[in-house]
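Commentary on secondary and tertiary structure
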Amino acid sequence: MEFTQENLTELKNNLLLEEKRIQGELQLISKPSLDGELTPIFNEIGSGEDENALEIEEYSDNLAIENTLEKQLKEINQALDRINQGIYGKCENCGKNISLDRLRAYPSAKKCTAC
Ligand SMILES: [Zn+2]
């Protein structure tokens, strides 16, 4: 491993902070449905044609944002798993160490800059 225990703690904290931020954002735009999956909030703005169009536009925006956030959340969880397994920071493609600079900028990175 290219980085120290201290670096690893720092990166893990970054991941946990990022996880919290994303969960907070998800709470603003979605709510858990009965099956436990998150679904975007559907805001009733009004019943006019324009208002209905706006509701749908807002809903599809939220859906897109929610999908992105959930994907990021999944990557963060996978990175935390890799920390627990002791394989964090290795490129999943070539097996080389991912540079600390890259991990600081993008702590859930799975591949090195070259790959
Ligand atoms: Zn690589």
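Look up a bit, the structure's there.
Residues numbered from 1 in each chain as written. Predicted model: local features only at pLDDT ≥ 70, side-chain atom pairs only at ≥ 80, totals over all residues. Heavy atoms only, no water.

Things to note about the overall build of the protein chain
- On a plain count of helices and strands, the protein chain comes out with three helices and two strands.
- Moving toward the C terminus, one meets the helices and strands of the protein chain in the order α-β-β-α-α.
- Against the 2.2 N^0.38 benchmark of 13 Å for 115 residues, the protein chain shows a C-alpha radius of gyration of 19 Å, more extended than a compact globule.
- Counting only C-alpha atoms and orienting by the principal axes, one finds that the protein chain spans roughly 60 × 25 × 20 Å.
- Put simply, 52% of the contacts in the protein chain that link residues at least 6 apart link residues at least 24 apart.
- A total of about 7,700 Å² of accessible surface is found on the protein chain, and carbon and sulfur atoms cover 50% of it.
- If the 13 positive side-chain charges of the protein chain are averaged to one point and the 22 negative ones to another, these points end up 15 Å apart. (Helix = DSSP H or I, 4+ residues; strand = E, 2+ residues; numbered from the N terminus. Rg over C-alpha atoms; globule rule 2.2 N^0.38 Å. Contact = heavy atoms within 4.5 Å. Areas by Shrake-Rupley, 256 points an atom, 1.4 Å probe, with all protein chains shown as cover. Lys, Arg positive; Asp, Glu negative; His and termini not counted. Charge placed at Lys NZ, Arg CZ, Asp CG, Glu CD.)

A few points about the coordination of the zinc ion
- Around the zinc ion, the protein contributes the donor atoms Cys91 (SG), Cys94 (SG), Cys112 (SG) and Cys115 (SG), which lie 2.3 to 2.4 Å from the metal centre.
- The coordination sphere of the zinc ion comprises four donor atoms, whose angles at the metal cover 102 to 117 degrees; the geometry is tetrahedral.
- The sequence motif formed by the donor residues of the zinc ion is C-x2-C-x17-C-x2-C.
- You can call Cys112 buried: its relative accessible area is 10%. (Donors = N, O, S within 2.8 Å, 3.2 Å for Na, K, Ca; no water. Tetrahedral: all angles 85-135°; square planar, octahedral: opposite > 155°, others 65-115°. Buried < 20%, exposed > 50% of the residue type's maximum accessible area, 1.4 Å probe, protein only.)

What to know about the side chain of Arg82
- Looking at the element boundaries, Arg82 is found in helix α2 (residues 49–85).
- Buried charged residue Arg82 carries no salt bridge. Nearest counter-charge: Glu92, at 5.7 Å.
- Aside from chain neighbours lying at most four places away, what touches Arg82 is Ile87, Tyr88, Ser108, Ala109 and Lys110. (Salt bridge = Lys/Arg side-chain N within 4 Å of Asp/Glu carboxyl O.)

Considering the nonpolar core
- Counting 20 residues, the largest nonpolar core has Phe3, Leu15, Ile22, Ile83, Tyr88 and Leu103 as the members making the most contacts within it.
- Listed by contribution, the elements that provide at least two residues to this core are α1 (5–29), α2 and α3 (100–105). (Core = buried A, V, L, I, M, F, W, Y, C linked by side-chain atoms within 4.5 Å.)

Regarding the side chain of Ser30
- Position of Ser30 among the secondary structure elements: in strand β1 (residues 30–32).
- Taking the relative accessible area as the measure of exposure, Ser30 reaches 5% and is therefore buried.
- Setting aside residues no more than four positions away along its own chain, Ser30 makes contact with Leu38, Thr39, Pro40, Ile41 and Glu66.

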